[in-house]
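Okay, here's what each chain looks like letter by letter:
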Amino acid sequence: MNDAVVPTHAPELTVSSLYRDHHSWLESWLRRRLGNAWDAADLSQDTFLRVLASAQPIGQMQEPRAYLVTVGKRLLVNFHQRRSLEQAYLNALASLPQACVPSPEQRWLLLETLHALDDLLEGLPMQVRRAFLWSQLEGLGYREIAARLNVCERTVKRYMAQAYEHCLLVNL
């Protein structure tokens, strides 16, 4: 009789086994951070969708929970940024006279546009973002922007060039 030990290998991780083995755990982890089950369920599903869309081969994951937490944390940051943007928008709407308040459809379109603009400018330093937004949304000139940011006009020109370059590269 041969007493040789045959090495055992863990079964290869599949999408269905990853989901089955870790979905409940991830959703609980997200629920503790968000404080509600609905957003946790949404972010849990988004996490798995991101994992599916990623270049990371699922079958080669060594630490699936660590990977899921990394993706989940990124989605949490994005979630909180979007909520903050939405709250700022709602606060701005509340200060408008009733006759100027946009319809629900217009509000939805404006909010989607704000999210798209926020996504487009993601990664730019805050000063560059402010300069770009003041220029594009409020129509301020470089001198006015420089005064608001307490920098020279040349710096504002540099900021604007950086923002335009960023927008062009993001859209390629």
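Remember, it's a predicted structure, so these values are computed and weren't measured experimentally.

Enquirer: I tried to follow the layout of surface pockets on my own but got confused; where do I start?
Expert: Any space left empty among the atoms is revealed by the rolling of a water-sized probe across them. One number sums up the size of the largest pocket: a volume of about 430 Å³. Around the largest pocket sit L85, L114, L117, D118, L121, M126, R129, R130, L133, W134, L137 and E138, which together line it.

Enquirer: Would you take a moment to explain the UniProt feature "domain: RNA polymerase sigma-70 region" (unreviewed entry) in the chain for this structure?
Expert: Under the feature "domain: RNA polymerase sigma-70 region" (unreviewed entry), the UniProt entry names residues 18–84. Note that residues 18–84 is 82% helix and 0% strand, and that its end C-alpha atoms are spaced 32 Å apart.

Enquirer: Could you clarify how one ought to interpret the UniProt feature "domain: RNA polymerase sigma factor 70 region 4 type" (unreviewed entry) in the chain in this entry?
Expert: The feature "domain: RNA polymerase sigma factor 70 region 4 type" (unreviewed entry), as annotated in UniProt, sits at residues 115–167 in this numbering. Spanning residues 115–167, this segment combines 81% helix with 0% strand, and its end C-alpha atoms are found 15 Å apart.

Enquirer: Help me understand the pattern of salt bridges, please; the structure alone is not making it clear to me.
Expert: When charged atoms on two side chains of opposite charge get close, those side chains can pair. Counting across every chain of the model gives six salt bridges. Put simply, E138 and R148 hold a salt bridge, and the shortest N to O gap is 3.1 Å. Remark: R148 occurs in helix α6 (residues 142–149) and E138 occurs in helix α5 (residues 126–138); sequence separation between them is 10 residues.

Enquirer: Teacher, can you tell me more about the packing of aromatic side chains here?
Expert: Aromatic rings in a pair are described by how distant their centres are and how their planes are angled relative to each other. Scanning all chains against the criterion turns up two aromatic pairs. With 5.6 Å between their ring centres and 85° between their planes, F132 and Y164 make a pair best called edge-to-face. Taken together, the positions of F132 in helix α5 and Y164 in helix α7 (residues 153–170) put the pair 32 residues apart, joining distant regions of the chain. Taking relative accessible area as the criterion, F132 reaches 8% and is therefore assigned buried. Among the residues examined, Y164 registers a relative accessible area of 39% and is labelled partly exposed. The side chain of R148 reaches across the aromatic face of W134, ending 4.9 Å from its centre.

Enquirer: Is there a simple way to think about the nonpolar core in this case?
Expert: Looking at soluble globular proteins, one finds that nonpolar side chains tend to be buried together. Counting residues in hydrophobic clusters, the biggest one holds 18 residues, and the most contacted among them are L18, L30, L34, L43 and V51. Elements represented by at least two residues in this core include exactly α1 (15–34), α2 (37–53) and α3 (64–94). Counting residues per element, this core draws most heavily on α3, which supplies six residues. Non-local contacts of L18, meaning those with residues more than four positions away in its chain, are made with L13, H23, F48, V51, I58, M61, P64 and L68. Counting 16 residues, the second-largest nonpolar core is a separate cluster that includes L121, A131, Y159 and M160.

Analysis parameters
- Residues numbered from 1 in each chain as written.
- Predicted model: local features only at pLDDT ≥ 70, side-chain atom pairs only at ≥ 80, totals over all residues.
- Heavy atoms only, no water.
- 1 Å grid on protein atoms, 1.4 Å probe; cavity = no way out; pocket = protein on both sides within 12 Å on 5 of 7 lines; lining within 4 Å.
- Points joined across faces, edges and corners; volume = space filled by probe spheres on them.
- UniProt positions renumbered as here; feature names shortened; annotations may be inferred.
- Helix = DSSP H or I, 4+ residues; strand = E, 2+ residues; numbered from the N terminus.
- Salt bridge = Lys/Arg side-chain N within 4 Å of Asp/Glu carboxyl O.
- Phe/Tyr/Trp six-rings, centres within 6.5 Å; stacked < 30°, edge-to-face > 60°.
- Buried < 20%, exposed > 50% of the residue type's maximum accessible area, 1.4 Å probe, protein only.
- Lys NZ or Arg CZ within 6 Å of the ring centre and 35° of its normal.
- Core = buried A, V, L, I, M, F, W, Y, C linked by side-chain atoms within 4.5 Å.
- Contact = heavy atoms within 4.5 Å.

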